[in-house]
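# Close look at the chain arrangement
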Amino acid sequence: MTKIDEPLYIAISLDIDPDANSAVKGRHDALSSPTEHGRVTFEACKRGLQKILELLDIFDINATLFYEARTAQMLVTDGVDLPKLSERHEVACHSLKHEDYLGKASGVPMEEVSIEESITKAKDLLEKIFGREMRGFRAPYTRINQAVVNVLERLEFQYDSSETVALGAKWKGCPFLLEKFNANLLELALPTFLDSKGKKMSSYFWAIFEGQRVSSEYIDAALRAKETAKGGLFIFSIHPWHLYVDCQGKPFDEEQGIKNLENLEYILSRLKQMQGVQIIRQDAYLDHWLLSR
Ligand SMILES: [Zn+2]
């Protein structure tokens, strides 16, 4: 669907999960760092989510919200009106308790039957909270395997958004079937791309908050993709908690928190003003792509 007159489509996606979450040896679910405390916390997530949703309203941007079901439930219990706050956005599934399905970090891979149990529960919980059907899925740690894909197909998800693919001559951001898993499931993949020095970069904003990248590098990436991936979808991703705590769970000082927010604001405002770009929810892009084939 690469057409000269088509814009580059850009999606802003949020992975809404516990503060500084991390897989833990010997267990399937994730805990907040430092994991020795044996806790999951949501304070930074809550604060970050409310701020980001405010910004998205200000910039009139519809986003895709991948909710971990446990986090959604905790925030609702905490008095946050998630359905109302999420109204204009797509709501999609980011697992039950941020399970490490493949056991890559936990050392305990999950059987297909327990993956099915936990994703079914997540989907049911989210559909109950939001009163909407879940069409999209993003796996914790963006890691999927044959078992996860089998489950997503059985549960009738329309798309997965966990795979990472290099944007370039071979892939211009369009959806594709997960043929390597013999599946009929569509993939809306996350892009990787090269920075101005030729170093590989991901579209997650975490590197800004960890002081490893600057926001203009993400704008440059969008500007380049605009020329090479017309009609394709370029997905950016954010963890709301990352505005206020680092990967180790250490709170940022106030000044850093403000800076993080300013960086995000800068990116959203630049993307919003960019010519030849259309910001879109992932489900809306999928509908558009299916219609135009
Ligand atoms: Zn996550």
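Residues numbered from 1 in each chain as written. Predicted model: local features only at pLDDT ≥ 70, side-chain atom pairs only at ≥ 80, totals over all residues. Heavy atoms only, no water.

## Structural notes on the sheet that holds strand β11 (residues 190-194)
Heads up, the condition is: One bridge is not enough; two strands pair if DSSP finds at least two bridges between them. Secondary structure follows DSSP: runs of H or I at least 4 residues long count as helices, runs of E at least 2 residues long count as strands, and numbering of each begins at the N terminus. For helices, the fitted line uses only the C-alpha atoms of the stretch in contact; every axis is such a line through C-alpha atoms, and the angle between N-to-C directions lies from 0 to 180 degrees.
Strand order across the open sheet formed by three strands is β8-β11-β12, with mixed pairing between neighbours. Whereas interior strands pair on both sides, the edge strands pair on one side only; in this sheet they are β8 (164-166) and β12 (200-202). Averaged over all pairs of adjacent strands, the angle between strand axes in this sheet comes to 35 degrees, irrespective of strand direction. As judged from the three bridges shared by β11 and β12, these two strands associate in the antiparallel manner. Pairing of L194 across the sheet is with K200, part of β12.

## Looking at the UniProt feature "domain: NodB homology" (unreviewed entry) in the chain
To keep it simple, the criterion reads: UniProt positions are given in the numbering used here, feature names are shortened, and annotations may be inferred rather than shown by experiment.
Here, UniProt's "domain: NodB homology" (unreviewed entry) annotation points to residues 36-280. Helix makes up 39% of residues 36-280 and strand 15%. Its end C-alpha atoms lie 40 Å apart.

## Section: the coordination of the zinc ion
Defined as follows: Any N, O or S atom lying within 2.8 Å of the metal counts as a donor, with the limit raised to 3.2 Å for Na, K and Ca; because water is left out of the atom set, some sites can appear incomplete. Under the scheme applied here, a residue whose accessible area is under 20% of the maximum for its type counts as buried, over 50% as exposed, and between as partly exposed, the area being computed with a 1.4 Å probe on protein chains only.
Taken together, the protein ligands of the zinc ion are D17 (OD), H94 (NE2) and H98 (NE2), with distances of 2.0 to 2.1 Å. Between consecutive donor residues of the zinc ion, the sequence gaps follow D-x76-H-x3-H. On the accessibility criterion, H98 (2% relative accessible area) is buried.

## Let's talk about unusual backbone geometry
Along the chain, S33 connects to P34 via a cis peptide bond; the corresponding omega equals -5 degrees. By the secondary structure assignment, P34 is in the loop between β3 (30-32) and α1 (43-58). At T142, a residue that is not glycine, the phi angle is positive and equals roughly 45 degrees. For T142, the location among the structural elements is in the loop between β6 (136-137) and α5 (146-154). Residue T142 is classed as partly exposed on the basis of its relative accessible area, which comes to 23%. The phi dihedral of N182 falls on the positive side, at around 50 degrees, and the residue is not glycine. Structurally, N182 can be placed in the loop between β9 (176-177) and β10 (186-187).

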